[in-house]
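Next come the chains, spelled out residue by residue.
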Amino acid sequence: MRAHIPKRVGSSVFARLFYLAIGIALAALFPGRLAAGDDVQVVDDQVPALLDSLEAAINSVRSFDVRTTTKSEGYYQYERASDGSVTGPMRQLNPPRVDMYVHRQVYHDGFRRMETLDPKTGQVEEILASNREYDKLLFKSSSTGIVRSSRTSNAWQGRDYEETFRDLYSGGVRIMLVLRERRKWLRVFESDAGRRVIFEVDPKGGPGVTFGGWGFRVTADKSKGFMPNVIETYDVIDGGRVYLSRVTVTEFKAVDGVVVPVKVKRENLVTEKGSPFFGRSLRTFSLVVDEKQSSWNRPVPDELFKVAFPTGTKVTDEIRQVAYVTGSADPGDNLDALAANAKGLITNIRPAAPPTRSYLWVWITAGCVGVLAVGLLLYWYRRRASRRTS
């Protein structure tokens, strides 16, 4: 008498055909989705519409004037010498290093203003005003100023409000610029039952590729107006993905029909694979918007994007390669007039390169001396030999 062995679920031919029929039916109902791990990859012909939705959500914030408080916490640091050079391995900070920053940030149509305030008194310490051509920075405590070409900078990384929804890097590297530049390599997924859409591009070097050495992963939340709620930067090392940073919006607010981030956390991660702290937060930035002192999509006066250097300000103009002390009030927008009225104009701020020392004459002289010495030695040897024979 044979023992009864129960069949495994799905092991029969009929069960397999049944599950295959269900799969075909689901594929027919949802033709835009293909299984890809935990997420569902979107077929290519649907990607343009999703990119347009993401761009429309980002551009719905046309302007803002926000006051932000950012708490920075550093958890690890390298052993360094007094000159800043690394002298030892990374060590954990206990307790973490904590810094507080307060800013007023204003943006409209590519123009921006960043005021750094004293966290205790609220007094303005530094002002940055930037247009599409140049930046002007005023440091009030030292009465110094800088004029420079507009450029990307990580000086305000973790504190820059545009990093919370528009930029991949502090200073103007736009999310949409990178995604559209790498369109042919872009992968798009849906997750959380279609609530979130993930845009992902690997590092791609070459001309015309912005920040090609890095990969980016942007997650948009459909329930939050398609605004980005997670922005990640990563590298591919030894065939594996290593995350460098992660920006997560923890709270949104609806303002006049527009969804905006009001609480954000940025994490800079430990990326050294051999480190015992690999993958942990190297430093975090927790940014909170003061909603009572902030506004979005309101008119912004043009004067806010001009910084006037007071009389007596020591200015370094990196564009014109001059340094001077302002001799009259700065009109705020005419750099040529500002330099023309300057006192103590220095026409070249770059220190002269030290003269290059040539050692060619040393080698020539040494060679001549060597040849002469060998000649004298041979002459002495022959004279000595001739005396012996005689």
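These numbers were taken from a predicted model, which means no experiment stands behind them.

Here is what the cut-offs are and how they apply
Think of each chain on its own: its residues are numbered from 1, step by step along the sequence as written. Reporting in this predicted model follows two pLDDT cut-offs: at least 70 for local features of residues, and 80 or more for side-chain atom pairs to be given and counted; totals over whole chains, interfaces and linings ignore these cut-offs and use all residues. Side-chain measures were taken over the full set of non-hydrogen atoms in the model, leaving aside hydrogen atoms and water. Strands are runs of DSSP state E lasting at least 2 residues, helices are runs of H or I lasting at least 4, and numbering of each runs from the N terminus. Residue burial is assigned from relative accessible area. The probe radius is 1.4 Å, only protein chains are included, and a residue is buried under 20% of its type maximum, exposed over 50%, and partly exposed in between. Contacts between residues were defined by any pair of non-hydrogen atoms, one from each residue, lying within 4.5 Å. A 1.4 Å probe and the Shrake-Rupley method give the accessible areas. Residues count as covered only by the protein chains that appear here. Contacts described as polar in this section are N or O atom pairs within 3.5 Å, which, within protein, must combine one atom able to donate a hydrogen with one able to accept it, while residues neighboring in sequence count only if both atoms come from side chains. Whenever Lys or Arg places a side-chain nitrogen within 4 Å of a carboxyl oxygen from Asp or Glu, that contact is recorded as a salt bridge. A pair of strands counts as paired when DSSP detects no fewer than two bridges linking them. Within this scheme, the nonpolar core is defined by two criteria: the residues are buried Ala, Val, Leu, Ile, Met, Phe, Trp, Tyr or Cys, and they are joined through side-chain atoms within 4.5 Å. Across the chain, each position has a pLDDT score giving the predictor's confidence in that residue, from 0 to 100. For Phe, Tyr and Trp, where Trp contributes only its six-membered ring, two rings pair if their centres lie within 6.5 Å, and the inter-plane angle classes them as stacked under 30 degrees, edge-to-face over 60, or tilted in between. Lysine NZ or arginine CZ positioned within 6 Å of the ring centre and within 35 degrees of the ring normal marks a charge as sitting over the ring.

Concerning the overall build of the protein chain
Next, step 1: A count of helices and strands for the protein chain gives 5 helices and 21 strands.
Next, step 2: For the protein chain, the proportion of its 390 residues judged to be buried stands at 37%.
Next, step 3: Considering only contacts in the protein chain between residues 6 or more positions apart, those separated by 24 or more positions represent 50%.
Next, step 4: In the form shown here, the protein chain has an accessible surface area of approximately 23100 Å², with 56% of it arising from carbon and sulfur atoms.

Points about the side chain of Glu 232
Next, step 1: As for its placement among the helices and strands, Glu 232 is situated in strand E14 (residues 227–237).
Next, step 2: For Glu 232, a relative accessible area of 8% puts it in the buried group.
Next, step 3: Separated by 2.8 Å, the side chains of Glu 232 and Arg 246 make a polar contact.

Thoughts on the pattern of salt bridges
Next, step 1: Overall, the coordinates contain 32 salt bridges when judged by the stated rule.
Next, step 2: Where Asp 167 meets Arg 174, a salt bridge forms, and the shortest distance between an N and an O atom there is 2.6 Å.
Next, step 3: The partner of Glu 291 in a salt bridge is Lys 253, with the nearest N and O atoms 2.9 Å apart. You can see Glu 291 sitting in the loop between strand E17 (281–289) and strand E18 (295–296) and its partner Lys 253 sitting in strand E15 (residues 240–255), a full 38 residues away along the chain.

Considering the side chain of Glu 267
Next, step 1: Checked against the element boundaries, Glu 267 lands in strand E16 (residues 258–269).
Next, step 2: Under the relative-accessibility criterion, Glu 267 is labelled buried at 16%.
Next, step 3: In contact with Glu 267, not counting residues within four places along its chain, are Leu 244, Ser 245, Arg 246, Ser 281, Arg 283 and Thr 284.

Focus: the pairing of E17
Working note: regular strand, side chains alternate between the two faces of the sheet.
Next, step 1: Looking at chain direction, strand E3 (residues 63–80) and E17 are connected through 7 bridges and run antiparallel. Bridging across to E17, Gly 74 finds its partner in Arg 283.
Next, step 2: As paired strands, E16 and E17 are joined by 7 bridges and run antiparallel to one another. Directly across from Glu 267, in E17, lies its bridge partner Thr 284.

Some thoughts on the nonpolar core
Next, step 1: Core analysis: the largest hydrophobic core is formed by 43 residues, its most contacted members being Leu 54, Tyr 161, Ile 175, Phe 199 and Trp 296.
Next, step 2: Per-element tally for this core: the top contributor is helix H2 (residues 47–59), with 6 residues.
Next, step 3: In contact with Tyr 161, not counting residues within four places along its chain, are Phe 64, Val 66, Gln 105, Val 260, Pro 261, Leu 287, Val 289 and Trp 296.

Considering the environment of Asp 44
Next, step 1: Residue position: Asp 44 is located in the loop between strand E2 (39–42) and H2.
Next, step 2: When the C-alpha positions of Asp 44 and Arg 187 are compared, they lie 8.4 Å apart, and in sequence the two are 143 residues distant.

Re the confidence of the model for the protein chain
Next, step 1: Of the residues in the protein chain, 72% have a pLDDT of 70 or more, and the chain-wide mean is 81.
Next, step 2: The low-confidence segment residues 1–37, where pLDDT is below 50, has 19 contacts with residues more than four positions distant or belonging to other chains.
Next, step 3: Scored below 50 in pLDDT, residues 351–362 makes 0 contacts in the model with residues more than four places away or belonging to other chains.

Remarks on the packing of aromatic side chains
Aromatic ring pairs are defined here through the distance separating the ring centres and the angle between the ring planes.
Next, step 1: What the rule picks out here adds up to 8 aromatic pairs.
Next, step 2: Plain terms: the ring middles of Phe 64 and Phe 165 are 6.4 Å apart, the flat faces sit at 75° to each other, and that makes the pair edge-to-face. With Phe 64 in strand E3 and Phe 165 in the loop between strand E8 (144–149) and strand E9 (167–169), this residue pair connects regions lying 101 residues apart in the sequence.
Next, step 3: An aromatic cluster of at least three residues, connected via ring pairs, comprises Phe 64, Tyr 107, Tyr 161 and Phe 165.
Next, step 4: Here the basic side chain of Lys 136 rests over the ring of Phe 309, its NZ or CZ set 4.6 Å away from the ring centre.
Next, step 5: Over the ring of Tyr 101 we find Arg 159, and its NZ or CZ is 4.0 Å from the ring centre.

Quick word on the environment of Thr 316
Next, step 1: You can see Thr 316 is positioned in strand E19 (residues 314–317).
Next, step 2: For Thr 316, a relative accessible area of 30% gives the class partly exposed.
Next, step 3: Thr 316 sits 170 residues away from Ile 146 along the chain, and the two C-alpha atoms are 4.9 Å apart.

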